[in-house]
Amino acid sequence: MPRRELRYPSQVENWLQDWGGKIHEPAELVLIGSGGLLWHAAQAGIEIPLPENSMDVDPVTDSDEVAFLGYEAMIGSEFEKEHGWHVNLMPAQVLNEMPRLAGPRFPQKLRPSARGGSLYPRPPVSQVERGEPRDKLHAEWATQLP
Amino acid sequence: MTTWGKYPNYRDIARFEYGRLLWKNPEARRRLLAHWESPDHPHAERFRENKSLVREILESPLGEAELDSSLCSRALSLRAAAREIPPVLGSI
């Protein structure tokens, strides 16, 4: 039985490794909120769970291959049944309304693909300014990241 | 005021942006149409009624502002038209 809901950095890491192997062209995505925090934690070898589970990840992409995978992983999909959480594609417009976490603390990383494509997660976007209690908890959790 | 209004609905914008992106891919377009026209899809009937409009905005080479302007000249708007793009329920 897979873990229900999203809480551990390795869940995001494994998901992106899997998608990196399914695309044929280099692609980028931006992870908003907890998904992005978990990815960066995974890059630092941290496997501390988020204080509150998440039910989805909110990526932004301009890749049709990644968007197609996203459409196969929406709420109610087989992906959700398998993983316990789903993908909620967000429009690029949201990036103008949220602060980008950038700088050496959040380096980009190339993800090689078995089929020659590459997935380049971009610095994530924080939801802390939304100000929900969960956002504040996750922002506090993120201070552990190197 | 932007195309999407003072209080944009991100779900509508996402269906429009990613719908346009996927529409360019023949296989994705075929699967989207099959999904939306399936009798099991709760919006299938509504989609049939608005199919030409949905196709128009997904296929249009115009940018958002130009497309909105074109629709407004016919008493429509991109904001309203995007609402007619059915959601994907489960997967395609």
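All figures in this text were calculated on a predicted structure; none of them were measured in a lab.

Undergrad: Looking at this structure, how should I read the overall build of chain A?
TA: Summing up its helical and strand segments, chain A has 5 helices and 5 strands in all. N-terminal to C-terminal, the α/β element order of chain A is α-β-α-β-α-α-β-β-β-α. Buried residues in chain A amount to 51% of all 146 residues. For chain A, contacts bridging at least 24 residues in sequence account for 79% of all contacts bridging at least 6. Only carbon and sulfur atoms are counted for the fraction: they give 52% of the accessible area of chain A, which is about 6800 Å².

Undergrad: What is the right way to look at the pairing of strand β1 (residues 27-32) of chain A in this model?
TA: In the case of a regular strand, side chains alternate between the two sheet surfaces. Residue and element names in this part refer to chain A. The element β1 is extensively covered by neighbouring structure, given that 5 of its 6 residues are classed as buried. Across 4 bridges, β1 lies against strand β2 (residues 56-61) in antiparallel orientation. Residue pairing across strands places V30 opposite V60, the latter belonging to β2.

Undergrad: How do you make sense of the packing of aromatic side chains when you look at a structure like this?
TA: Where two aromatic rings form a pair, the distance of their centres and the angle of their planes describe that pair. All names here are of chain A. Overall, the coordinates contain 7 aromatic pairs over all chains when judged by the stated rule. Residues W15 and W19 carry aromatic rings whose centres are separated by 5.1 Å and whose planes lie at 70 degrees to one another, so their mutual orientation is edge-to-face. With W15 and W19 both in helix α1 (residues 9-20) and 4 residues apart, this pair spans about one turn of that helix. Note on accessibility: W15 and W19 belong to one class, buried. Through pairs of rings, three or more aromatic residues link up here, namely W15, W19, F79 and W85.

Undergrad: How should I be thinking about the nonpolar core in this particular structure?
TA: One broad trend across soluble globular proteins is that nonpolar side chains are buried collectively. Core analysis: the largest hydrophobic core is formed by 36 residues, its most contacted members being Y71(A), W36(B) and I57(B). Going through the elements one at a time, β1 and α3 (64-71) of chain A together with α1 (10-23), α2 (26-37), α3 (44-59), α4 (64-72) and α5 (78-82) of chain B are the ones with two or more residues in this core. No other element matches the 7 residues that α1(B) contributes to this core. Excluding anything up to four places from it in sequence, I57(B) contacts F16(B), R20(B), L67(B), L71(B), L78(B), A81(B), A82(B) and I85(B). Among the nonpolar cores identified, the runner-up in size contains 25 residues, and W15(A), L16(A), V57(A) and A142(A) belong to it.

Undergrad: I keep staring at the environment of R46(B) and nothing clicks. Help me out?
TA: All names here are of chain B. Its place among the elements puts R46 in helix α3. R46 sits in the partly exposed class, given a relative accessible area of 46%. In this structure the C-alpha to C-alpha distance between R46 and G19, which are 27 residues apart in sequence, comes to 17 Å.

Undergrad: When you look at the pairing of β2(A) in this model, what are you seeing that I'm missing?
TA: All names here are of chain A. Among the 6 residues of β2, 5 are classified as buried, and the element is accordingly described as predominantly covered. For β2 and strand β3 (residues 86-87), the ladder comprises 2 bridges, and the chain directions are parallel. In the strand pairing of β3, D56 is matched with H86.

Undergrad: How should the interface of chain B and chain A be read in this particular structure?
TA: Interface size is commonly expressed as the accessible surface area that is lost when the partners come together. Taken residue by residue, the interface counts 21 residues in chain B and 22 residues in chain A. Summed over both partners, the interface of chain B with chain A comes to about 1700 Å²; 60% of that surface belongs to carbon and sulfur atoms. On the chain B side of the contact with chain A, Y10(B), Y18(B) and G90(B) bury the most area, a combined 37% of that side's loss. At the surface where chain B touches chain A, the tally comes to 1 salt bridge. Taken together, the elements giving at least two residues each to the side of chain B that touches chain A come down to α1 and α2 of chain B.

Undergrad: Looking at this structure, how should I read the packing of α1(A) against helix α2 (residues 34-43) of chain A?
TA: A pair of packed helices can be characterised by two numbers: the angle between their axes and the separation between those axes. All names here are of chain A. Packing of α1 against α2 brings their axes to within 7 Å, and their N-to-C directions diverge by 90 degrees. Considering their axes alone, α1 and α2 lie roughly perpendicular with respect to each other. The residues of α2 that touch α1, namely those facing P9, V12, E13 and L16, are G35, L38, W39, A41, A42 and Q43. The residue inventory of the contact of α1 with α2, partitioned by class, reads 7 nonpolar, 2 polar and 1 charged.

Undergrad: Can you help me understand the confidence of the model for chain B in this one?
TA: Taken as a whole, chain B shows an average pLDDT of 95; of its residues, 99% reach a score of 70 or greater. For this predicted complex, the interface confidence score (ipTM) comes to 0.90, while the overall pTM stands at 0.83.

Reading guide: rules and limits
Residues numbered from 1 in each chain as written. Chains lettered and ligands numbered in written order. Predicted model: local features only at pLDDT ≥ 70, side-chain atom pairs only at ≥ 80, totals over all residues. Heavy atoms only, no water. Helix = DSSP H or I, 4+ residues; strand = E, 2+ residues; numbered from the N terminus. Buried < 20%, exposed > 50% of the residue type's maximum accessible area, 1.4 Å probe, protein only. Contact = heavy atoms within 4.5 Å. Areas by Shrake-Rupley, 256 points an atom, 1.4 Å probe, with all protein chains shown as cover. Pairing = 2+ DSSP bridges. Phe/Tyr/Trp six-rings, centres within 6.5 Å; stacked < 30°, edge-to-face > 60°. Core = buried A, V, L, I, M, F, W, Y, C linked by side-chain atoms within 4.5 Å. Buried area = accessible area lost by both parts, 1.4 Å probe. Salt bridge = Lys/Arg side-chain N within 4 Å of Asp/Glu carboxyl O. Axes fitted to C-alpha atoms, helices over the stretch in contact; angles between N-to-C directions. Parallel < 35°, antiparallel > 145°, perpendicular 65-115°, else oblique. Nonpolar A, V, L, I, M, F, W, Y, C, P; charged D, E, K, R; others polar. pLDDT = per-residue confidence, 0-100.

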